[in-house]
Amino acid sequence: MPTIDYYVTPNEMRTVWLKQLSTSDESALAPVCAAATRYVESYCNRRFFTSTADETKSFDVASRPIMYSVSGYYGFQTFDPRMDIASITTLNLAESTVKATSGTYATISTGDYYLQPSDRPDDWPAQYIALTDEFSGTYNSSAPFTWFSPGYRTVQIVGKFGWNTTSIDSTTFPQEIRTVTAEVAAYLWRSRESGFSNLSGVNEVGIISTPRVLSRWSQDILDRFKRPTSR
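Notes on the structure follow. (Residues numbered from 1 in each chain as written. Predicted model: local features only at pLDDT ≥ 70, side-chain atom pairs only at ≥ 80, totals over all residues. Heavy atoms only, no water.)

Our focus in this paragraph is unusual backbone geometry. With omega at 0°, the peptide bond leading from Q116 into P117 counts as cis. Among the structural elements, P117 can be located in the loop between β7 (113-116) and β8 (128-131). Look at N45: it is not a glycine, yet its phi comes out positive at around 60°. A relative accessible area of 31% means that N45 is categorised as partly exposed. Phi at R82 is positive, roughly 65°, even though this residue is not glycine. Mapped onto the secondary structure, R82 falls in the loop between β4 (78-79) and β5 (85-93). (Helix = DSSP H or I, 4+ residues; strand = E, 2+ residues; numbered from the N terminus. Buried < 20%, exposed > 50% of the residue type's maximum accessible area, 1.4 Å probe, protein only.)

As a further point, take the sheet that holds strand β1 (residues 55-61). Spatially, 4 strands are ordered β1-β9-β5-β6 in an open sheet, and the strand pairing comes out antiparallel. Both outer strands of the open sheet, β1 and β6 (106-107), are each paired with one neighbouring strand and no more. Relative to β6, β5 is paired through 2 bridges, and the arrangement is antiparallel. Among the inter-strand pairings, N92 is bridged to a residue of β6, identified as T107. (Pairing = 2+ DSSP bridges.)

In this section: the pairing of β8. A two-sided burial pattern is seen for β8, the buried positions comprising Y128 and A130 on one face and I129 and L131 on the other. Two elements, β7 and β8, share 4 bridges in a ladder whose sense is antiparallel. Residue pairing for β8: Y113 is matched across the bridge by L131.

Relative to the helices and strands, T172 is located in the loop between β9 (151-161) and α4 (175-191). Taking relative accessible area as the criterion, T172 reaches 18% and is therefore assigned buried. If we ignore the near neighbours within four places in the chain, the residues touching T172 are D123, W163, N164 and T165. (Contact = heavy atoms within 4.5 Å.)

Attention now goes to the pattern of salt bridges. Considering all chains together, one arrives at 14 salt bridges under this definition. Residue R46 is joined to D84 by a salt bridge in which the shortest nitrogen-to-oxygen separation is 2.7 Å. Separated by 38 residues along the polypeptide, R46 in the loop between α2 (26-44) and β1 and D84 in the loop between β4 and β5 bring together distant segments of the chain. Residue R46 is classed as buried on the basis of its relative accessible area of 6%. Note on D84: relative accessible area 3%, which makes it buried. Between D60 and R153 there is a salt bridge, with its nearest N and O atoms 2.7 Å apart. Separated by 93 residues along the polypeptide, D60 in strand β1 and R153 in strand β9 bring together distant segments of the chain. (Salt bridge = Lys/Arg side-chain N within 4 Å of Asp/Glu carboxyl O.)

Structure follows, in structure tokens:
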């Protein structure tokens, strides 16, 4: 169950966007608001909230050409978990799949990694982690951990993921996302009245016009918030 079920609530839809509805319609609006919320998340490839407590997630690091190599070790100086990072409490790295399988991780000093990009807009989450090129921590390992080693579950992060807020009323939450979600929810609600048909009409030259799920403004907003699928 998501921490935030809706980016726009059934009550808001009834009182602002679909004023012809009554309080008794809110139970039917709830799954519509949830569907619109998940649509926005899927389009943007990110969730606009984080958990109230730290989560522990393990990640694979895929092998790629042109990898950093020193004394037989190889890897990458940056790592993208393919989800936003609100904060990190603990970063654990393993030298290999074998070490990760046995639970042998090194906890990386906070001075040896950075949440990037450093020039991200205010309130935006980090997208990837960069390791220092000259570590300062002391690690009980044969590897200096200035790179992320390829393998299964070689990166373990304890922290918060997603957008750094737990409330849609927070100033950190991008309010334009709420407006777009309301537009999608209104579209979904009204589509039931037309029997789920997208046919809007046929003009004088026989061209069929169909309604858009998103207005041009809403699509521009979602495109601006769309997270790259990988780095």
